[in-house]
Amino acid sequence: MTSPQVVVLDYGSGNVRSAVRALERAGATVELTADFHRALEADGLVVPGVGAFASVAEQLRAVGGHRLIGRRLAGGRPVLGICVGLQVLFEKSAEFGRDDVEGLGEWPGTVELLPSRVVPHMGWNVVDTPEGSRLFAGIEHERFYFVHSYAVQKWELPSPGDPLASLKPPLVTWSEHGGRFVAAVENGPLTATQFHPEKSGAAGAQLLRNWLTTL
């Protein structure tokens, strides 16, 4: 069987080499590039992200990442966001006391400071997975590695009159640190995790293999 071709988007956000190595170990052929057409044509696209929400969003837009993600999703082509790569898929962030930092708006919701006396949330934590998750198949009760101070803490479902209300709702996985927050989302071709699967040992490796089976 031919290995799936995966592009890790190289747009200037943090150390992406660990994601490349983890995907290769999971069985993918991986290219690290910011080339729009290579990323558009790959079987899967991975969008890692570390640091400030505003910087990640700006760097993504600078390489056309917002258009790239939109084009892939319109064609049903899988995208995986990791850490801040999950956060920027939401509408906006309240990072550093601001509430006007715009994300890519693929999902409704705001990224907010975790309600804990201890931030960042750094280390291993369990997750609460929904029934029917393909991403967490076989690893529903495992721990995953988190490093973050901000998260989406409310999942805002569309109102009954909204055209989106008729669509199949995303599968949302939760975790807790001072309060509940979104740990992962599975939404058709768009998937994202707040934790780092590439740093989550055997459980993270299995999660990446699970994602690769959807390509």
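Preceding this section is the structure that the text describes.
To start, this report covers the structure provided alongside it. No experiment lies behind these values; they were computed from the predicted model shown.

With that out of the way, let us pick up the environment of T129. Take T129: it is sitting in the loop between β8 (121-126) and β9 (143-148). Placed 17 residues apart in sequence, T129 and F146 show a C-alpha to C-alpha distance of 16 Å. With residues near it in sequence (within four places) discarded, T129 still touches F136, E140 and T173.

Taking strand neighbours across the sheet as the criterion, the four strands line up as β6-β5-β7-β10 in an open arrangement whose pairing is mixed. Looking at the sheet topology across the chains shown, the edges are occupied by β6 (101-102) and β10 (150-152). Two elements, strand β7 (residues 107-113) and β10, share three bridges in a ladder whose sense is antiparallel. By the bridge assignment for β10, E112 is matched with A151.

The next thing to look at is the pairing of strand β5 (residues 90-93). Two elements, β5 and β7, share three bridges in a ladder whose sense is parallel. The residue of β7 that forms the bridge with S93 is V111.

Formed by 65 residues in total, the largest nonpolar core has its most connected members in L23, L45, F136 and F144. For L23, the contacting residues outside a window of four places in its chain are V6, V8, A28, V30, V46, L208, W211 and L212.

Parameters at a glance
Residues numbered from 1 in each chain as written. Predicted model: local features only at pLDDT ≥ 70, side-chain atom pairs only at ≥ 80, totals over all residues. Heavy atoms only, no water. Helix = DSSP H or I, 4+ residues; strand = E, 2+ residues; numbered from the N terminus. Contact = heavy atoms within 4.5 Å. Pairing = 2+ DSSP bridges. Core = buried A, V, L, I, M, F, W, Y, C linked by side-chain atoms within 4.5 Å. Buried < 20%, exposed > 50% of the residue type's maximum accessible area, 1.4 Å probe, protein only.

What is shown is where atoms sit, not what they do.
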